Amino acid sequence: GQAIAGAFNVTFSATGYVTKTVSATLDNGVLTLLDVQLESIPAYAFSGQTVKATDGTPIAGAKVFLLSSQSEYTAVTDGSGNFNFPGVFGGDYSLYAGAWGYVTEEVTNLTIGSGTVPPVIELTRGYYDDFILDFNWTKTATATTGAWTRGEPIGTTNGNSQSNPEFDI
């Protein structure tokens, strides 16, 4: 519904499809049906490996998180440090890889398609956790309030100013 009749751009999107915008004329009190066909995005097998930056030996059990504006995938590396995503929609991603005792690495502007070369992610020893990967933290507390939790932040504002962010990394 629209209070004022006229021509409008209507955007259709769904995970796994190319977003499409079409023009539509809307009239007051009239149902307008639009028949729009979306083009599917091809899916690709995507793999890679995590290794120690010092000597190139594989890191088993590393967490890998692949994120785009429409999709996200998670994996854990095998005994040879390899990870595999069997069906990833083509497009631009950020990849995060890390393990307990190693600094998490981020690969930005990663384009997945038919010619994508499997990345080798080198992890450096150290302790770092930005909580984008779940390293299976456990909590114990005797406090009745204020205990830590892992989750999506709830943003707060004071007037028109943001006090706490709504989104984490």
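An account of the accompanying structure is given in this report. Keep in mind it's a predicted model, so treat the numbers as computed, not measured. (Residues numbered from 1 in each chain as written. Predicted model: local features only at pLDDT ≥ 70, side-chain atom pairs only at ≥ 80, totals over all residues. Heavy atoms only, no water.)

## Considering the sheet that holds strand β3 (residues 43-52)
Here is step 1 of the chain: Read across the open sheet, the three strands follow the order β6-β3-β9; overall the sheet is mixed. The open sheet has two free edges, formed respectively by β6 (82-89) and β9 (120-123), since each of these has just one partner strand. This sheet shows a mean twist of 25° between the axes of neighbouring strands, independent of strand direction.
Here is step 2 of the chain: The pairing of β3 with β9 spans four bridges and is classified as parallel. (Pairing = 2+ DSSP bridges. Helix = DSSP H or I, 4+ residues; strand = E, 2+ residues; numbered from the N terminus. Axes fitted to C-alpha atoms, helices over the stretch in contact; angles between N-to-C directions.)

## So, the packing of aromatic side chains
Here is step 1 of the chain: What the rule picks out here adds up to eight aromatic pairs.
Here is step 2 of the chain: Ring centres of tyrosine 73 and tyrosine 93 lie 6.3 Å apart, and the angle between their planes is 50°; this geometry places the pair in the tilted category. One end of the pair, tyrosine 73, is in strand β5 (residues 72-76); the other, tyrosine 93, is in strand β7 (residues 91-98), and 20 residues separate them in sequence. In this structure, tyrosine 73 and tyrosine 93 share a single accessibility class: buried.
Here is step 3 of the chain: Chaining the aromatic ring pairs together yields one cluster made of Phe46, Tyr73, Phe83, Phe85 and Tyr93.
Here is step 4 of the chain: Sitting over the face of the ring of tyrosine 102, arginine 125 holds its NZ or CZ atom 4.7 Å from the ring centroid. (Phe/Tyr/Trp six-rings, centres within 6.5 Å; stacked < 30°, edge-to-face > 60°. Buried < 20%, exposed > 50% of the residue type's maximum accessible area, 1.4 Å probe, protein only. Lys NZ or Arg CZ within 6 Å of the ring centre and 35° of its normal.)

## Observations regarding unusual backbone geometry
Here is step 1 of the chain: A positive phi angle, near 55°, is found at asparagine 109, a position not held by glycine.
Here is step 2 of the chain: Within the secondary structure layout, asparagine 109 lies in strand β8 (residues 105-112).

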